[in-house]
Amino acid sequence: TGTLSGDEEGGSSSDTQSDQKDGDDDKDKEPDRDKTPADTATYTSEAYRAEYPKGWEVAIDDQLQTNFHRTEFRSADGQFVIVDRSPGKGGVDPADSAAEVERGTRGSAGYERISFDETTIAGQPAFEWTFEIDTETGHERRVDLFLNLGDDGYAVYGGGSSDFDSVLTRTRAVAESLEPL
């Protein structure tokens, strides 16, 4: 299971948090992972570290599914960001991973593809899939980001709010913060 730092609810907490350095644009330097932005908390599993919005809970903590591990960060109002890590799938093209997941989603009620495009996340090749789908609370726009880090493939999936700009911003921030251990 993962460990947490910051003032988040749920899980264990080491209650350590400090401000991120300002103005450090040197991309050749290793990031200082002892520092986190004031509005985020740090989550650490056996395989990776990620930043997520401060005050959100870890609703699912690195739980083994069929062939991947899932962590879910959730706000009190229901917005979520899910990190799915597929061990040993780091050699699979993120576009192929996205296409496979989309095939399983196409038949869902209200499904409509909005975008399906290559992108970059933290300077790494990635794939972004935006779609709309019917949920228990209504019709919603969601985003799924696919990338590879080390030997693992990752999908970072966000939704749970009618404010898609907020969903996209928070989902991208979590994806950009991922660091394999």
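Residues numbered from 1 in each chain as written. Predicted model: local features only at pLDDT ≥ 70, side-chain atom pairs only at ≥ 80, totals over all residues. Heavy atoms only, no water.

Draft legend 1. Examining the sheet that holds strand 9 (residues 138–149) more closely. Taken in spatial order, the seven strands make up an open sheet running 4-5-6-10-9-8-7, and their pairing is antiparallel. Unpaired on one side and paired on the other, strand 4 (57–64) and strand 7 (112–121) mark the two borders of the sheet. This sheet shows a mean twist of 15° between the axes of neighbouring strands, independent of strand direction. Two elements, strand 4 and strand 5 (residues 69–74), share five bridges in a ladder whose sense is antiparallel. Paired with Gln63 across the strands is Arg70, a residue of strand 5. (Pairing = 2+ DSSP bridges. Helix = DSSP H or I, 4+ residues; strand = E, 2+ residues; numbered from the N terminus. Axes fitted to C-alpha atoms, helices over the stretch in contact; angles between N-to-C directions.)

Draft legend 2. Spatial organisation of the confidence of the model for the protein chain. With 80% of its residues at a pLDDT of 70 or more, the protein chain has an overall mean of 85. Here residues 3–35 is a poorly scored stretch, pLDDT under 50, and it has 54 contacts once near neighbours within four places are set aside; other chains count. (pLDDT = per-residue confidence, 0-100. Contact = heavy atoms within 4.5 Å.)

Draft legend 3. Region of interest: unusual backbone geometry. A positive phi angle, close to 50°, is found at Asp62, a residue other than glycine. Note that Asp62 resides in strand 4. The backbone of Ala122 sits at a positive phi, close to 50°, despite the residue not being glycine. Looking at Ala122, the relative accessible area reads 52%, which means it is exposed. (Buried < 20%, exposed > 50% of the residue type's maximum accessible area, 1.4 Å probe, protein only.)

Draft legend 4. View of the pairing of strand 10 (residues 152–159). The buried fraction of strand 10 amounts to eight of the eight residues, a majority that puts the element mostly inside the structure. Judged by which residues are buried, strand 10 turns out to be covered on both faces: Asp152, Tyr154, Val156 and Gly158 on one side and Gly153, Ala155, Tyr157 and Gly159 on the other are all buried. Sheet topology note: the strand 6 (residues 80–86)/strand 10 ladder contains seven bridges and is antiparallel. From the neighbouring strand, Ile82 faces strand 10, where its bridge partner is Tyr157. Pairing of strand 9 with strand 10, which is carried by seven bridges, proceeds in the antiparallel orientation. Bridging across to strand 10, Leu145 finds its partner in Val156. The antiparallel pairing of strand 9 with strand 10 creates a hairpin that spans two residues between the two strands, and Gly150 there sits at a positive phi of about 60°.

Draft legend 5. A look at the pattern of salt bridges. Taken as a whole and assessed by the stated rule, the structure comprises 10 salt bridges. Between Glu132 and Arg141 there is a salt bridge; the shortest N-O distance is 2.8 Å. For Glu132, a relative accessible area of 16% translates into the label buried. A salt bridge links Glu140 to Arg142; its shortest N-O distance comes to 2.6 Å. Salt bridges sharing common partners tie together Glu102, Arg106 and Arg113. (Salt bridge = Lys/Arg side-chain N within 4 Å of Asp/Glu carboxyl O.)

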